[in-house]
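Residue-level listing of the chains:
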Amino acid sequence: MYLNGKVAFVTGAAQGIGRAMVEELLHKGAALVLVDLNLIAGEQCKASLDEEFGSHRTLFIQCDVTDEKQLKAAFQKTIEHFGKLDILVNNAGVNNEKDWEKTIEVNLISVIRGTYLGLELMNIKNGGRGGVIINVASLAGLTPAAYQPVYCASKHGVIGFTRSIAALASIGNYGVRINTVCPAFVDTPLLESIEKEENMGQFYKYKDNIKDMMKSFGVLNPSLIAKGLIDLIEDDSFNGAVMKITTSRGIHFEEYGAHQKTKI
Ligand SMILES: NC(=O)C1=CN([C@@H]2O[C@H](COP(=O)(O)OP(=O)(O)OC[C@H]3O[C@@H](n4cnc5c(N)ncnc54)[C@H](O)[C@@H]3O)[C@@H](O)[C@H]2O)C=CC1
Ligand SMILES: CC/C=C\C[C@H](O)/C=C/C=C\C=C\C=C\C(=O)[C@@H](O)C/C=C\CCC(=O)O
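Residues numbered from 1 in each chain as written. Chains lettered and ligands numbered in written order. Predicted model: local features only at pLDDT ≥ 70, side-chain atom pairs only at ≥ 80, totals over all residues. Heavy atoms only, no water.

In the annotation of an unreviewed UniProt entry, the entry for the protein chain reads 15-hydroxyprostaglandin dehydrogenase [NAD(+)], and the organism field reads Leptobrachium leishanense. In the Sequence similarities (unreviewed entry) part of its UniProt record, the protein chain is described as follows: "Belongs to the short-chain dehydrogenases/reductases (SDR) family." (UniProt positions renumbered as here; feature names shortened; annotations may be inferred.)

As structure tokens, then:
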């Protein structure tokens, strides 16, 4: 996909990986819908981007992605404002093993709902223009995470759902490619949740173990995740791909058996 002139919808856009993705997409000439729960951070993000790219290039929508009505309204506002939707990035995520139901709601249920809502608009069989959907998982979606079992489960679910819906989109000729990106640790405010009992709950006593893992594995710059996103969007051969990003191997892909090829 050629990015200039396209319209992208990014959840969790106000900071961290989402903010890095937004900036990369803007540099490529896309228009951006910035979707985030955090009103202050979202407005600050838009104000900063307006200075560099102009106010016409972005639209900020405060939205709780776990609220179906709000998420549907955000997609509707996108069409009303920009007239189309070409790229969807379901990026918003939390790390909360205490309120673990919230983790499932944000990280998995909202990704599934966002994907279905995006397909309603993008699927050429529905009169859409086609497009690309990227669901943000984690390396924790491919490996056990002893101190984050529910976060791990949510990300395993994102990968399984994304690979499955990508296969359906290919079989059904939706004109939409759907891929997932699985970073290791990335230098964003999410990492601060490790230090908080209200996030880690019973696993709070293991916070130093996680920090030791981060020391051992290293912490990635969000800009590398944004580069991986651009690769998945621009390269039309990717559908059902599981991109991994680590300090040790950079951008690479999970390889499945011949019967489970990630590229449909
Ligand atoms: N930081 C890391 O080490 C890694 C993060 N990831 C994933 O990357 C994604 C982005 O994470 P980060 O940028 O690191 O986190 P972050 O905490 O820096 O940013 C997440 C953004 O999502 C927003 N958000 C949270 N709940 C929301 C909701 N219900 N509705 C709308 N927006 C909501 C927050 O307000 C925030 O702006 C998440 O899915 C996370 O699981 C994956 C691998 C590693
Ligand atoms: C508060 C932070 C919460 C979540 C951050 C992130 O989503 C969770 C990451 C969990 C585990 C990360 C493990 C990282 C491991 C490594 O980077 C290296 O040891 C590579 C290990 C395996 C990679 C296999 C491969 O590259 O094919």
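There is more to say after this.
Visitor: Honestly, the site of ligand 1 in this entry has me stumped. Any pointers?
Guide: Residues in close proximity to ligand 1 total 28 residues, the closest being Asp-36, Asn-91, Tyr-151, Val-186 and Thr-188. Here a nitrogen atom of ligand 1 and a backbone polar atom of Leu-37 are 3.2 Å apart. A distance of 2.9 Å is found between an oxygen atom of ligand 1 and a side-chain nitrogen or oxygen belonging to Lys-155. Burial of ligand 1 by the protein chains amounts to 94% of its free accessible area of 830 Å². (Near = heavy atom within 4 Å. Polar contact = N/O pair within 3.5 Å; in protein donor to acceptor, adjacent residues only side chain to side chain. Areas by Shrake-Rupley, 256 points an atom, 1.4 Å probe, with all protein chains shown as cover.)

Visitor: I tried to follow the packing of aromatic side chains on my own but got confused; where do I start?
Guide: Two aromatic rings, taken as a pair, are described by how far apart their centres are and by the angle between their planes. For the coordinates displayed, the defined rule picks out four aromatic pairs. Here Phe-9 and Phe-75 contribute two aromatic rings whose centre-to-centre distance is 4.2 Å and whose plane-to-plane angle is 5°, an arrangement assigned as stacked. Taken as a pair, Phe-9 in strand E1 (residues 7-11) and Phe-75 in helix H3 (residues 68-82) lie far apart in primary sequence, 66 residues in all. Classification of Phe-75 by relative accessible area gives buried; the value is 4%. Look at Tyr-116 and Phe-161: their rings are 5.6 Å apart centre to centre, the planes differ by 85°, and that puts the pair in the edge-to-face class. Linking Tyr-116 in helix H4 (residues 100-122) with Phe-161 in helix H5 (residues 149-171), this pair joins segments that are 45 residues apart in sequence. (Phe/Tyr/Trp six-rings, centres within 6.5 Å; stacked < 30°, edge-to-face > 60°. Helix = DSSP H or I, 4+ residues; strand = E, 2+ residues; numbered from the N terminus. Buried < 20%, exposed > 50% of the residue type's maximum accessible area, 1.4 Å probe, protein only.)

Visitor: Would you take a moment to explain the pairing of strand E7 (residues 242-246) for this structure?
Guide: In summary, the side chains of a regular strand alternate between the two faces of the sheet. Most of E7 is tucked away, with five of its five residues classed as buried. Burial along E7 is two-sided: the face carrying Val-242, Lys-244 and Thr-246 and the face carrying Met-243 and Ile-245 are both buried. Note that strand E6 (residues 176-183) and E7 share four bridges and pair parallel. By the bridge assignment, Cys-182 is partnered in E7 with Lys-244. Bridge count between E7 and strand E8 (residues 250-253): four bridges; the pairing is antiparallel. Bridge pairing in E8 links Ile-245 to Ile-251. (Pairing = 2+ DSSP bridges.)

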